[in-house]
Each structure stands twice: as C-alpha cells, then as structure tokens.
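Inside the fold
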Amino acid sequence: SLNFLHGIPHFSISIGLERDGKLLCARDWKELYLPKCRKCNLSVEKGAVKSSDGALRGVFHRACFACAACEAPFADGSFYVFNNQPYCGRHYHRLNGSLCRECEAGIEGDCRQTDTGDRFHPHCFSCQYASKNGACSQPLAEYYMVGGQRLCERHADKVGRRLAKAGQRQHD
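Residues numbered from 1 in each chain as written. Predicted model: local features only at pLDDT ≥ 70, side-chain atom pairs only at ≥ 80, totals over all residues. Heavy atoms only, no water.

Let us look at the overall build of the protein chain. A tally of regular secondary structure across the protein chain gives three helices and twelve strands. Burial status across the protein chain gives 26% buried among its 172 residues. The contacts of the protein chain with a sequence gap of at least 6 include a subset with a gap of at least 24, amounting to 18%. Summing over all exposed atoms, the protein chain offers an accessible surface of approximately 12200 Å²; the carbon and sulfur share of this is 50%. (Helix = DSSP H or I, 4+ residues; strand = E, 2+ residues; numbered from the N terminus. Buried < 20%, exposed > 50% of the residue type's maximum accessible area, 1.4 Å probe, protein only. Contact = heavy atoms within 4.5 Å. Areas by Shrake-Rupley, 256 points an atom, 1.4 Å probe, with all protein chains shown as cover.)

Okay, here's the thing in structure tokens:
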C-alpha cells in the first residue's frame, strides 16, 4: 500500500517468513512447509489429526478426518486402519472379512468359521433349527449342514430322517 513518510511516498510491504535464507510470503510458506491433509491436500496449520501409534501415516484436518468409506466422523476418536486409510468399525470389518455372518457386527477376539469361510461370534454360531415349538439356538462347538441349515447333532439327525423320508438330499 502507498504511504507517505515526511511527505515522501513509499510503499510498505508485509513482513514475510524466512526459511533457508529466503523470504517468503505467508501463503507460500504454508504451501511449501506445512504438512498437507491426506484427504483434501490443503495445508494443515493447526489442529492436525494423526494416529498416535503410527498405524496411519500423514495428517488430516479435524473436519476431514472421517471414515474413508462412509465419511462418518469418528465421534469418540476411535477408528480402524486398513491399507493406510481410516475406517469406522463396520467398514473396517467388512474390508477385513471379519463381520459376523449372523449379526453383521464386527468380530474382535474369538470367532467361529465355517468350511465356506463364513465367520461368527461364538455366541452367534448356533443351531438354526426352528419349529412351531420354537428355535434351538444352542451354541455349536461342532455343527452339521443338513438341508442348508447349520444344526446341532440332535437336530441334524431329526432333519436328516425327515429329508430321507421325503427322498431329499440331506447334506450340503
């Protein structure tokens, strides 16, 4: 801007920032030296979010830090990392193949797995037998596939006999 000092016009310049012997304006300094947000690729001046354990590389603006699949923010601050991207529990477990086939919630810790690769929480891996008298729902250590159902031994025998009577295939 044009100013007058003792009646003589002169220009004032805004003070820049110096780095490596070079004087830079604030915008250029930010562009060259501040870390970039992994999501929007703009400079992160303050309030950067990063993984404290180093599992997720780079920084994010607080507003940009959300699930890479659904864009939901991590309200409680907890998130999962898959292929160096942040995810909510549901999308992480879907990508990781660790969703329970029965309840669709993420499995952490013990799980049961079928021959076809389906995974279950131990309490969700139960007999699927149902009749007009109710459902069995007995937790299974071992299971039998009969008539397309995962059954305990007692109900596998019962369904197997019924299918044999009807002349249908018993085991899948």
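A separate point is the nonpolar core. By size, the foremost hydrophobic cluster in this structure holds 14 residues, and its most contacted members are Cys-100, Cys-127, Tyr-129, Leu-140, Val-146, Leu-151 and Val-159. No other element matches the three residues that helix α3 (residues 153-166) contributes to this core. Not counting residues within four places of it along the chain, the set of residues in contact with Cys-100 comprises Ala-105, Ile-107, Arg-119, Phe-120, His-121 and Cys-124. (Core = buried A, V, L, I, M, F, W, Y, C linked by side-chain atoms within 4.5 Å.)

Time to look at the side chain of Ser-98. The topology assignment puts Ser-98 in the loop between α2 (89-96) and β7 (112-113). Of note is the side chain of Ser-98, whose polar atom sits 2.6 Å from the side chain of His-93. Those residues within four positions of Ser-98 in sequence are excluded, and the remaining contacts are His-93, Ala-105, Gly-106, Ile-107 and Arg-119. (Polar contact = N/O pair within 3.5 Å; in protein donor to acceptor, adjacent residues only side chain to side chain.)

His-91, Tyr-92 and His-93 are the residues of α2 that are buried. Backbone geometry just downstream of α2 places Gly-97 in the positive-phi region, at approximately 70°.

Position of Arg-27 relative to the elements: it lies in helix α1 (residues 26-33). The exposure class assigned to Arg-27 is exposed, which follows from its relative accessible area of 65%. Along the sequence, Arg-27 and Ser-43 sit 16 residues apart, while their C-alpha atoms lie 9.8 Å from each other.

Looking now at the state of the cysteines. Under the defined criterion, the tally for this structure stands at zero disulfides. No disulfide involves Cys-64; its nearest neighbouring cysteine sulfur is the one of Cys-37, lying 3.8 Å away. Residue class for Cys-64 comes out buried when judged on its relative accessible area of 14%. Cysteine Cys-88 remains unbridged, with the sulfur of Cys-67 as its closest cysteine sulfur at 3.7 Å. On the basis of relative accessible area, Cys-88 is assigned to the buried category, the value being 17%. (Disulfide = S-S within 2.5 Å.)

This part covers the environment of Cys-100. Assignment of secondary structure puts Cys-100 in the loop between α2 and β7. Spatially, the C-alpha atom of Cys-100 lies 9.2 Å from that of Arg-112, the residues being twelve residues apart in sequence.

The subject of this paragraph is α3. Taking 1.5 Å as the rise per residue, α3 with 14 residues should run 20 Å; its terminal C-alpha atoms sit 20 Å apart, in good agreement. Within α3, burial applies to His-155, Ala-156, Val-159, Gly-160 and Leu-163. Taken end-on, α3 shows its buried residues confined to a sector of 135°, consistent with a single buried face. Of the exposed residues in α3, those oriented more than 90 degrees away from the buried face are Arg-154, Arg-161 and Lys-165. Those residues of α3 hidden inside the fold are in contact with β11 (144-146) and β12 (149-151). Positive phi shows up at Gly-167, right after α3, with a value of about 75°. (Expected span 1.5 Å × (residues − 1). Arc of directions from axis to C-beta.)

To continue, consider a positive patch on the surface. There is a patch of like positive charges on the surface, built from Arg-154, Lys-158, Arg-161, Arg-162 and Lys-165. Positionally, Arg-162 belongs in helix α3. (Patch = residues over 30% accessible without salt bridge, like charges linked within 9 Å, V, L, I, M, F, W, Y side chains within 5 Å. Salt bridge = Lys/Arg side-chain N within 4 Å of Asp/Glu carboxyl O. Lys, Arg positive; Asp, Glu negative; His and termini not counted. Charge placed at Lys NZ, Arg CZ, Asp CG, Glu CD.)

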